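Structure at a glance
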Amino acid sequence: MSLSKWVVDASHSSVDFTIRHMMIAKVKGTFHEFNASIEADPADLTTANIEFNVALSSIDTRNADRDNHLRTGDFFDIEQFPTLSFKSTSISKTDDGEYDVTGDLTLHGLTRKETFTVTYEGSGKDPWGNEKVGFSGKGAIKRSEFGLTYNAALETGGVLIGDEVKFTIEIEASKQA
């Protein structure tokens, strides 16, 4: 099969994250605004070209004060760095429908190679005849490697905010005509 262009259906897709809080719990959040440019043969992602962009201003942790703080210079500094972006550079098949997608992730003005595991969930036609495809992805980054080092020491030891941020991505996309 040849490469086809796919458009992300944002109403059936999500970009979520989890980070440790006070070394005893996890805080979950989501980004509501994102887009992707995908050229792929869904049955074989090894030749795909994937670009993904997340509007950091769309962060939602279900706490407006925290979300507003995350948008400031203490964290994302969205005035200067409004977007998290990822561009694939290599994709390797690890199992049937399973891939390691490596690429350049840019956050807070810094770019690093990161790898996410991606699962091809399947394809089909919706009731209107549109060809759809589904993917799940997960991975983790260290926020300190992107200059996001704001933190506070805890009286009991440890720190307020963990360094590792785990991402979970669910994508449903439509084949572009």
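Residues numbered from 1 in each chain as written. Predicted model: local features only at pLDDT ≥ 70, side-chain atom pairs only at ≥ 80, totals over all residues. Heavy atoms only, no water.

**Let's talk about the environment of Lys113**
Following the sequence through the fold, Lys113 ends up in strand S9 (residues 110-125). Lys113 sits 25 residues away from Ser88 along the chain, and the two C-alpha atoms are 9.3 Å apart. With sequence-adjacent residues up to four places away left out, Lys113 is seen in contact with Thr89, Thr102, Gly103 and Asp104. In this structure the side chain of Lys113 is engaged in a polar contact, spanning 2.9 Å, whose partner is the side chain of Asp104. (Helix = DSSP H or I, 4+ residues; strand = E, 2+ residues; numbered from the N terminus. Contact = heavy atoms within 4.5 Å. Polar contact = N/O pair within 3.5 Å; in protein donor to acceptor, adjacent residues only side chain to side chain.)

**Description of empty space enclosed by the protein**
Inspection of the entire model under this criterion finds one cavity of 30 Å³ or more. Counted as a void, the largest cavity has a volume near 380 Å³. Ile50, Phe52, Phe86, Val118 and Ile169 are the residues nearest the centre of the largest cavity, which is lined by 21 residues in total. A per-class count over the lining of the largest cavity returns 19 nonpolar, two polar and no charged. (1 Å grid on protein atoms, 1.4 Å probe; cavity = no way out; pocket = protein on both sides within 12 Å on 5 of 7 lines; lining within 4 Å. Points joined across faces, edges and corners; volume = space filled by probe spheres on them. Nonpolar A, V, L, I, M, F, W, Y, C, P; charged D, E, K, R; others polar.)

**Quick word on the nonpolar core**
Counting 42 residues, the largest nonpolar core has Phe31, Phe52, Phe76 and Leu107 as its most contacted members. Looking at which element gives the most residues to this core, the answer is strand S11 (residues 161-175), with six residues. (Core = buried A, V, L, I, M, F, W, Y, C linked by side-chain atoms within 4.5 Å. Buried < 20%, exposed > 50% of the residue type's maximum accessible area, 1.4 Å probe, protein only.)

**Let's talk about the pattern of salt bridges**
One pass over the structure, following the stated rule, counts seven salt bridges. A salt bridge links Glu172 to Lys132, with the nearest nitrogen and oxygen atoms 3.7 Å apart. Pair noted here: Glu172 is in strand S11 and Lys132 is in strand S10 (residues 131-142), with a separation of 40 residues, a long-range link. Its relative accessible area of 24% is what places Glu172 among the partly exposed residues. (Salt bridge = Lys/Arg side-chain N within 4 Å of Asp/Glu carboxyl O.)

**Let's talk about a positive patch on the surface**
Judged by side-chain charge, Arg20, Lys26, Lys28, Arg62, Arg66 and Lys166 come together as a positively charged surface patch. Within the secondary structure layout, Arg20 lies in strand S2 (residues 14-21). A relative accessible area of 38% places Arg20 in the partly exposed class. (Patch = residues over 30% accessible without salt bridge, like charges linked within 9 Å, V, L, I, M, F, W, Y side chains within 5 Å. Areas by Shrake-Rupley, 256 points an atom, 1.4 Å probe, with all protein chains shown as cover. Lys, Arg positive; Asp, Glu negative; His and termini not counted. Charge placed at Lys NZ, Arg CZ, Asp CG, Glu CD.)

**Focus: the pairing of strand S5 (residues 44-55)**
Note that strand S4 (residues 34-41) and S5 share seven bridges and pair antiparallel. If you follow Asn35 over to S5, its bridge partner there is Asn53. In this sheet, strand S7 (residues 83-95) lies alongside S5 in antiparallel orientation, the contact comprising five bridges. When the bridges of S7 are listed, Glu51 appears paired with Lys87. (Pairing = 2+ DSSP bridges.)

**Considerations on the layout of surface pockets**
What the largest pocket holds in volume is close to 450 Å³. For the largest pocket, the lining is made up of 23 residues, of which Phe17, Ile19, Leu70, Phe75 and Ile161 are closest to its centre. At the level of elements, S2, strand S3 (25-31), helix H1 (64-70) and S11 are the ones that each hand at least two residues to the lining of the largest pocket. Counting residues per element, the lining of the largest pocket draws most heavily on S2, which supplies four residues. Residue classes in the lining of the largest pocket are distributed as 17 nonpolar, three polar and three charged.

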